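# Commentary on secondary and tertiary structure
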Amino acid sequence: MKKLLITLGLLTVLSMPAVFAKDIYMPNQWGQYGGYAHLVTTGTPEFYSFDNARFKIHTLVPSCVTKVYLPANGDGAIFENDNGSVKFRVSGSYNTPGTTVEDLLDRTVKSLGPATILLAAPGDGLYWSWYIVSAVKDGTVIYIEGVVMGNTYGSLEFRYPVKDRNSYDWMLQKFRDSFRIGL
């Protein structure tokens with residue numbers, strides 16, 4: 001009986017499809033800089049994984065994106081879907097000495113201009129400080145997260161139409177859980 005159960009278990013495992021991550025090389029739409037963004041499929045079809053080597057930033061990216069714009073300095077990437085209604089930006093920089101996460105939060109809120117701020121909060125983690133801003137402006141949901149670790153600052157921004165909130169709001173927690181810098 002034991003051999004039969006082991007054999008059935010092995011047959012079940014061997015008959016399951018293998019799940020492998022696939023590399024995706026998305027060409028830069030800013031042709032003068034050339035290159036491509038290297039994305040990796042994840043265990044879920046809604047997200048790709050993206051790493052920025054210059055600032056050691058890691059995040060998930062929504063898989064609805066089809067275009068990428070890469071700056072010449074290698075500080076991040078701007079992704080968007082076919083019609084440009086969904087945009088996802090991730091970038092890094094060196095933080096100015098003495099600039100706090102509260103300063104960065106204040107600067108981010110001011111940069112939005114007249115918008116309905118739903119959430120603007122700073123926080124501290126074990127290794128880094130962070131802030132989150134959620135707003136609505138001109139029919140667009142704007143989610144921004146910033147992370148400061150040592151002298152490095154990373155940010156991500158996700159924009160999508162208010163009318164599509166049911167399709168995208170749930171992703172915000174996934175971005176919060178995956179976004180990290182310097183590790």
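Above: the structure in question.
Residue positions within a chain follow its written sequence, with the count starting from 1. Whole-chain, interface and lining totals are the exception, using all residues; otherwise, since this is a predicted model, local features are given only for residues with pLDDT of at least 70 and side-chain atom pairs are given and counted only at 80 or more. In computing side-chain values, all of the structure's heavy atoms are included and hydrogens and water are not.

### A short note on the environment of Y153
As for its placement among the helices and strands, Y153 is situated in strand 11 (residues 152-161). Using a 1.4 Å probe on the protein chains alone, a residue whose accessible area is under 20% of its type maximum counts as buried, one over 50% counts as exposed, and one in between counts as partly exposed. Classification of Y153 as buried rests on a relative accessible area of 14%. Remark: the alpha-carbon pair of Y153 and I57, spanning 96 residues in sequence, is separated by 9.5 Å. Contacts are residue-level and defined by heavy atoms, with any inter-residue pair within 4.5 Å sufficient. Ignoring any residue separated from it by four or fewer positions in sequence, one finds Y153 in contact with S91, G92, S93, N95, L104, T108, Y131, G146, V147, V148 and I181. Secondary structure elements are taken from DSSP: a helix is a run of H or I of four residues or more, a strand is a run of E of two residues or more, and numbering for both begins at the N terminus.

### Examining unusual backbone geometry
Here K56, not a glycine, exhibits a phi torsion of approximately 55°, which is positive. With respect to the helices and strands, the residue K56 is situated in the loop between strand 3 (47-52) and strand 4 (57-62). Positive phi outside glycine occurs at D138, with the angle close to 50°.

### Considerations on the sheet that holds strand 4
Hydrogen bonds between backbone groups are what pair the strands of a sheet, and the pairing can be parallel or antiparallel. The strand order across the open sheet formed by 5 strands is 1-2-3-4-12, and the pairing between neighbours is antiparallel. This sheet does not close on itself; its edge strands, each paired only once, are strand 1 (23-27) and strand 12 (180-181). Sheet topology note: the strand 4/strand 12 ladder contains 2 bridges and is antiparallel. Opposite H58, over in strand 12, you have R180 as the bridge partner. By this definition, two strands are paired if DSSP reports at least two bridges between them.

### Remarks on the pairing of strand 2 (residues 36-41)
Regular strands place side chains that alternate from one sheet face to the opposite one. Strand direction decides the pairing type here: strand 1 and strand 2, joined by 5 bridges, are antiparallel. Within the sheet, the bridge partner assigned to D23 lies in strand 2 and is V40. Between strand 2 and strand 3, which pair antiparallel and follow one another directly, the connecting turn spans 5 residues.

### Some words on the environment of F47
As for its position among the elements, F47 is in strand 3. Residue F47 is classed as buried on the basis of its relative accessible area, which comes to 2%.

### A short note on the pattern of salt bridges
Opposite charge on two side chains permits them to pair, given that their charged atoms come into close proximity. Take a side-chain nitrogen of Lys or Arg and a carboxyl oxygen of Asp or Glu: if they are within 4 Å of each other, that pair is a salt bridge. Taken as a whole and assessed by the stated rule, the structure comprises 6 salt bridges. Here R89 and E157 are joined by a salt bridge, their closest N and O atoms 3.1 Å apart. One end of the pair, R89, is in strand 7 (residues 87-94); the other, E157, is in strand 11, with 68 residues separating them in the sequence. We classify R89 as partly exposed; its relative accessible area is 23%. Between D164 and K163 there is a salt bridge, with the nearest N and O atoms lying 3.5 Å from each other. By relative accessible area, which is 72% here, K163 ends up exposed. Bridged by salt links that share partners, the residues R89, E157 and R159 form one connected network.

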